[in-house]
Every structure is written in C-alpha cells, then in structure tokens.
Amino acid sequence: MRILYISWSIPPSPTGSATVARGVSEIFSSAEMVICGEQPDFDSSFLADPEINRYVYLTHDLKWPRRGKRFLRWTRWLNFPFFFRKLYKLYKAENCDVIFVVYPDEYYLTGAWLLSRVVKDKFYVWYHNAYLENFHGTRKLYARWLQSKVFRDANITYTISAGLSNYMETNYPQRAFPVLPHFVTLSKWDNNSEKESIIIRSTRTTIRLLLLGSLNKSCLDAVVRICKTIKGTSKYQMDIYSGTPKWVFEKYGCLSPNVQLCDYLPEDNLRGLIKTYQIAILPLGLTGGLADIEYQTIFPTRAVDLICSGLPIIAHVPKDSYIADFLTLHDCAEIVTEPNSLSLLGALEKLSCDVSRCKQLSLNALAVAEKFDNVNLKNLLLNDFIIKK
C-alpha cells in the first residue's frame, strides 16, 4: 500500500494545513506516503528546510498584487486540466493505491475526487473545516454538487475535531464522520523539563506573550482586540509569528512597540523558541466573515502545538464553541469569551500573578497532549486504509 496525500497547503507554507501535513510526514515514510500540494510564494530561505525534498509541488502560488489575490485566485481554474494531468501522472509514477485528500481547498478536493473516479482506488477525505456552509450564490451550487459526490464516493470522511463531526453527523445523517485529530510527534517536546520550568517562567517580572498563526477570517476580530489590548499596556510584550504579510497586520492596527511581528521560523525552530515565552495567546474569532458553524466547530491547528508546549494559555474564543468546551473540560487554558479588553487584561493579570494556576494549566495541558500523539493515530489510519472498504 502507498498513499498519495493531497493538500493545497504543505510545507514550507506556515499555514495550519501545512503544519498538519508536516505532522503526517513524521509518521509515514516516503515509501508509505507521497505528499503533494502547492509551493507557497515565500522567500527562498524557506527552501532550506531539510525535509523539503519530501514534498511534491503540483502548483505554485503566484505573486498576486498585494490586495488583489482574493479577486484573481479564481483564474487558477484555467490551469485545472494541467494540474489534474500532473496529479494523475504522479499517482501512477509513484505506484500509489490510496488517495487521501485534505479540505479546506476546493480546487485540490476537486482534483482528488476526479482522480478517485478515474483510478477506482480507495478514496479518503479529511475535513479541516466545514465546506458547503462557507459558500454563497453560484459557488454554493458547485460546493453542494461536489460535496454530494465526495460523500458518495469516499470510503471514509474524517473531520479534524469532535465539534465538526457532531455537526456533520447531525446535518448529514446518511454517513459517519470519525474524528482524526491533528498529529504531533509528542516525543519532540521536552515535557519533563517543561514541568520543571513552569514556576521559573511564571515568576519573571517582564511578561512575554506568544501568538502563533495566520491572520484570517477565522481569528481576525480576536487578534485585533488582543493586539490593541496589549498596545495600551507597558507590562506585556507580545511577539507574533505568522506567515501573514506585515501590511495586513498594519492595516488592522495590530502592531506597536510592544506588539511585534517576527520572522516566521520552521517548525523545529519554533519548538525551542516557544519555551522562551511565559504565556501563549490562542485566538478564535467571536464574529467574522465565515459561517457561524465555522466558529462553533473549528479547532485551530496551533492549539495543539500550544497544548504540547506546556505554556499557560489564554484562549480568546467564542462562548458556544467546541474549542471553548474542549479547553474547559480539560482545564488547560484560561478562557476569555467576552469581546472586551477588560476581560483580556483580567486573564493576563491572573496568570501573571497566580503561579499555582499557571502550573495547573500547564500540567493539565501536557496530560491532554497525549490525545494528539501520532503513535496511536498512525495505527488507526493504517487499520482504516487496509481493512475498511
């Protein structure tokens, strides 16, 4: 058996789907899995990644005008026949017999579904986000058509969180949606030394905050509120590591002397860097341009990394959301659901002063991190791919 893993976003892109793809690559060897997707438009220094030869790039993210990308991205559909030909040739050349596609990209989902129809092999889908619910008008008509075909033909349709699975099973009761969470190699996190350093971190006088991830519709209002809250203080310094261009953060007034956008680093570098901070910030939009169900069900990819890091977490998330329920159940983050700066400052002050609370949050997070360990998840996938029809 050899798997073709198809994802629009793959390393070295600093996006959630690319982070997941890297996690998958750490448990499946190149003999077991071929990983393909789009090469991002980033500085060539990203290509220094030692694992870069592991990935196959079928398309290239073009250098769009600064603010015109969302208007011009549809033009890639003109290239779809050439993209599909490359996808098919790769599948055959690498002797693959299983198709495993990640959504949130309609273009790649279309290619993977069409490939499954042509080659007649096993076809698995992994939803990281809701699909149909996030479109309107003519695009929703196409999404409804494609999703019906995907549901009909997929051997298994996974989701990345129980929140999304519960929604899908309620609204599409004709099939099951098992949960396949984001993979991490837990052994790469030095959890024993992490437990010993929690108190040392929490008693420093200068409070350094960490925010990871892209600035997009899923978290925009929360990130802007957090940045403006920190901007008005002198006690906190927040560093943001993101693949989102600086001009986007500047557009929304996020940056200031004590809120800095730092150069994005490869995953292995980030693991070590995270340990130099005292509190991690996890944002998810309380409102925004996506469907309400997206905010209710999404499980941010970076949430897993922060949980594994052992840092005390402040999560600024919607009240009626799966991520809020998950973090509350496991008591592994201080939750802020009110859309105001006073609540955020209250949470910051609490963790800045309460060493025992920081330690408890960190230990709880490290305990729940085992749920995302890739050792067990590989066996689950192999069982599905080999046995289930």
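In this text, all values refer to a predicted model and were calculated from it rather than measured experimentally.

How would you explain the overall build of the protein if you had to name every residue and give the values?
Assigned secondary structure in the protein consists of 16 helices and 12 strands. Across the 389 residues of the protein, 58% fall into the buried class. Across the protein, the fraction of contacts at a sequence separation of at least 24, relative to all contacts at a separation of at least 6, is 73%. Counting every atom, the protein has about 16700 Å² of accessible surface; 55% of that belongs to carbon and sulfur.

Please provide a residue-by-residue account of the sheet that holds strand E9 (residues 259-262), values included.
One open sheet holds the six strands; their spatial order is E9-E8-E7-E10-E11-E12, and the pairing between them is parallel. Unpaired on one side and paired on the other, E9 and strand E12 (334-336) mark the two borders of the sheet. Pairwise comparison of adjacent strand axes, ignoring direction, gives a mean angle of 25 degrees for this sheet. Note: strand E7 (residues 207-212) against strand E10 (residues 279-283), three bridges, orientation parallel. Residue pairing for E10: Leu209 is matched across the bridge by Ile279. Packing against the sheet, helix H8 (residues 220-231) makes contact with E7, strand E8 (236-241), E9, E10 and strand E11 (313-316), and its axis sits at approximately 145 degrees to E8. Against the sheet, helix H14 (residues 341-353) makes contact with E7, E8, E10, E11 and E12, and its axis sits at roughly 170 degrees relative to E12, the strand it touches most.

Which residues make up the confidence of the model for the protein, and what values go with them?
The pLDDT averaged across the protein works out to 88; a share of 89% of its residues lies at or above 70. Within the model, the stretch residues 44-48 combines pLDDT values under 50 with five contacts to residues more than four positions away or in other chains. Here residues 193-197 is modelled with pLDDT under 50, and outside its nearest four sequence neighbours on either side it reaches seven contacts, counting other chains as well.

Quick rundown of unusual backbone geometry? Include the residues and the values.
Between Pro11 and the following residue, Pro12, the backbone shows a cis peptide bond with an omega angle of 15 degrees. Assignment of secondary structure puts Pro12 in the loop between strand E1 (3-9) and helix H1 (16-25). Its identity as a non-glycine residue notwithstanding, Asn95 has a phi of 55 degrees, on the positive side. Tracing the chain through its elements places Asn95 in the loop between helix H3 (80-93) and strand E4 (98-103). Judged by its relative accessible area of 62%, Asn95 is exposed. At Asp331, a residue that is not glycine, the phi angle is positive and equals roughly 45 degrees.

I'd love a proper account of helix H15 (residues 355-368), names of residues and values included.
Its 14 residues place the ends of H15 20 Å apart at the C-alpha level, agreeing with the 20 Å of an ideal helix rising 1.5 Å per residue. Residues of H15 that are buried include every one of Arg357, Cys358, Leu361, Ser362, Asn364, Ala365, Leu366 and Val368, and no others.

Any chance you could break down the packing of aromatic side chains for me, citing the residues and the numbers?
Counted under the stated rule, the structure contains 30 aromatic pairs. Taking the centre distance of 5.5 Å and the plane angle of 80 degrees together, the rings of Tyr5 and Phe100 count as edge-to-face. With Tyr5 in strand E1 and Phe100 in strand E4, the pair connects residues that are 95 residues apart, well separated along the chain. The class for Tyr5 is buried, based on a relative accessible area of 0%. The class for Phe100 is buried, based on a relative accessible area of 0%. Measuring from ring centre to ring centre gives 6.4 Å for Phe80 and Phe84, while their planes differ by 20 degrees; the resulting arrangement is stacked.

How would you explain the nonpolar core if you had to name every residue and give the values?
Among the nonpolar cores identified, the biggest contains 41 residues, and Leu4, Ile6, Leu87, Leu115, Phe123, Tyr127 and Val150 are the most heavily contacted of them. Residue assignment for this core shows that the elements contributing at least two residues are E1, strand E2 (33-39), H3, E4, helix H4 (106-119), strand E5 (122-127), helix H5 (137-153) and helix H6 (162-171). In terms of residue count, the dominant contributor to this core is H4 (seven residues). Counting residues in each nonpolar core, the second largest holds 37 residues, with Leu212, Ala303, Leu306 and Ala369 among its members.

Quick rundown of the packing of H1 against helix H12 (residues 301-309)? Include the residues and the values.
Where H1 meets H12, the axes come as close as 8 Å, and the angle between the chain directions of the two elements is 55 degrees. As summarised for this structure, H1 and H12 are arranged oblique, according to the angle between their axes. Side by side, H1 and H12 meet where Gly16, Thr19 and Val20 of the first sit next to Thr301, Arg302 and Asp305 of the second. Per-class residue counts for the contact of H1 with H12 are one nonpolar, three polar and two charged.

Summarise a nonpolar patch on the surface; cite the residues concerned and give the values.
A surface patch of nonpolar side chains, amounting to about 370 Å² of accessible area, comprises Trp74, Trp77 and Leu78. As for its position among the elements, Trp74 is in the loop between helix H2 (69-72) and H3.

An account of the environment of Ser29 is requested, with residue identities and associated values reported.
Its place among the elements puts Ser29 in the loop between H1 and E2. In this structure the C-alpha to C-alpha distance between Ser29 and Arg54, which are 25 residues apart in sequence, comes to 9.2 Å.

Can you break down the pattern of salt bridges residue by residue, with the values?
Side chains bearing opposite charge may pair, as long as their charged atoms lie close to each other. Considering all chains together, one arrives at 13 salt bridges under this definition. Arg152 is the partner of Asp153 in a salt bridge, and the nearest nitrogen-oxygen pair spans 2.8 Å. You can call Arg152 partly exposed: its relative accessible area is 47%. Taken together, the shared-partner salt bridges connect Asp331, Glu334, Lys350 and Arg357 into one network.

Rules and cut-offs
- Residues numbered from 1 in each chain as written.
- Predicted model: local features only at pLDDT ≥ 70, side-chain atom pairs only at ≥ 80, totals over all residues.
- Heavy atoms only, no water.
- Helix = DSSP H or I, 4+ residues; strand = E, 2+ residues; numbered from the N terminus.
- Buried < 20%, exposed > 50% of the residue type's maximum accessible area, 1.4 Å probe, protein only.
- Contact = heavy atoms within 4.5 Å.
- Areas by Shrake-Rupley, 256 points an atom, 1.4 Å probe, with all protein chains shown as cover.
- Pairing = 2+ DSSP bridges.
- Axes fitted to C-alpha atoms, helices over the stretch in contact; angles between N-to-C directions.
- pLDDT = per-residue confidence, 0-100.
- Expected span 1.5 Å × (residues − 1).
- Phe/Tyr/Trp six-rings, centres within 6.5 Å; stacked < 30°, edge-to-face > 60°.
- Core = buried A, V, L, I, M, F, W, Y, C linked by side-chain atoms within 4.5 Å.
- Parallel < 35°, antiparallel > 145°, perpendicular 65-115°, else oblique.
- Nonpolar A, V, L, I, M, F, W, Y, C, P; charged D, E, K, R; others polar.
- Patch = residues over 30% accessible without salt bridge, like charges linked within 9 Å, V, L, I, M, F, W, Y side chains within 5 Å.
- Salt bridge = Lys/Arg side-chain N within 4 Å of Asp/Glu carboxyl O.

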